[in-house]
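Here are the chains, one letter per residue:
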Amino acid sequence: QRISYYSRELARILGMDEDFIDKIFFASPMHDIGKIGIHDHVLLKPSGFLPDEWAVMQGHAEMGAKILGNSKSPYLQMAAEIALNHHERWDGGGYPNGKRGEEIPLAARIMYICDIYDALRSKRPYKPAFDHQKAMDILTRGDGRTQPEHFDPVIYSAFTQHHETFREIFESFQV
């Protein structure tokens, strides 16, 4: 649920039209649907991935796009676009295709920062949940894995200027 609300709010802040906002709200939670094809021993691994495991994990983006990709529904079309591209980075260092800048679809660029923020705030097998301040420190200063230059500068600026809104969304939908 949080992903839907983060994405919708960021799209609103960016001035997107109501059609785009509606689509991203319903499409964004499907970004990781490709993970259903990843074995639990990789998905739930409590430590870093070996190179072959990392390659398997990266495959979730293309797998998700394939699952969602043959629909006439504009919601599922956007969901497929997000699934495929939500790990692409503005600087070209992402995956699966190393897209950069505006080659990355807008919905995926929005989803990327929302996904990173939510991952930082959430407990994972390999890390504890971070509070809002620590998550924002990582997003604004970088930590080696996440750097400010990974994000579309306009989206990054909107997110950081309105970061308290995302904290409120997270706190409203804690599990």
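Higher on the page you've got the structure.
Since this is a predicted model, take the numbers as computed values, not measurements.

Asks: Let's hear about the pattern of salt bridges: which residues, and what values?
Replies: A complete count under the given rule lists nine salt bridges for this structure. Taking the shortest distance from any N to any O, the salt bridge between K45 and E53 comes out at 2.6 Å. One exposure class covers both K45 and E53, and it is buried. Between R167 and E168 there is a salt bridge; the shortest N-O distance is 3.9 Å. Residue classification places R167 among the partly exposed positions, given a relative accessible area of 22%.

Asks: So what about the nonpolar core? Which residues, and what values?
Replies: Core analysis: the largest hydrophobic core is formed by 36 residues, its most contacted members being L10 and Y117. Aside from chain neighbours lying at most four places away, what touches Y117 is Y6, H132, A135, M136, L139, F159, F166, R167 and F170.

Asks: Explain unusual backbone geometry to me, using residue names and the numbers behind them.
Replies: The amide bond that connects Y95 to the next residue, P96, takes the cis arrangement and shows omega of 10 degrees. Along the chain, P96 falls in the loop between helix 5 (74-85) and helix 6 (106-121).

Asks: Give a detailed account of the environment of K127, specifying residues and quantitative values.
Replies: Mapped onto the fold, K127 is located in the loop between helix 6 and helix 7 (132-141). Every residue in contact with K127, bar those within four places of it in the chain, is listed here: A119, L120 and S122. In terms of polar contacts, K127 uses its side chain to reach the backbone carbonyl oxygen of L120, at 3.1 Å. A distance of 2.7 Å separates a polar atom in the side chain of K127 from the backbone oxygen of S122.

So, how was this worked out
Residues numbered from 1 in each chain as written. Predicted model: local features only at pLDDT ≥ 70, side-chain atom pairs only at ≥ 80, totals over all residues. Heavy atoms only, no water. Salt bridge = Lys/Arg side-chain N within 4 Å of Asp/Glu carboxyl O. Buried < 20%, exposed > 50% of the residue type's maximum accessible area, 1.4 Å probe, protein only. Core = buried A, V, L, I, M, F, W, Y, C linked by side-chain atoms within 4.5 Å. Contact = heavy atoms within 4.5 Å. Helix = DSSP H or I, 4+ residues; strand = E, 2+ residues; numbered from the N terminus. Polar contact = N/O pair within 3.5 Å; in protein donor to acceptor, adjacent residues only side chain to side chain.

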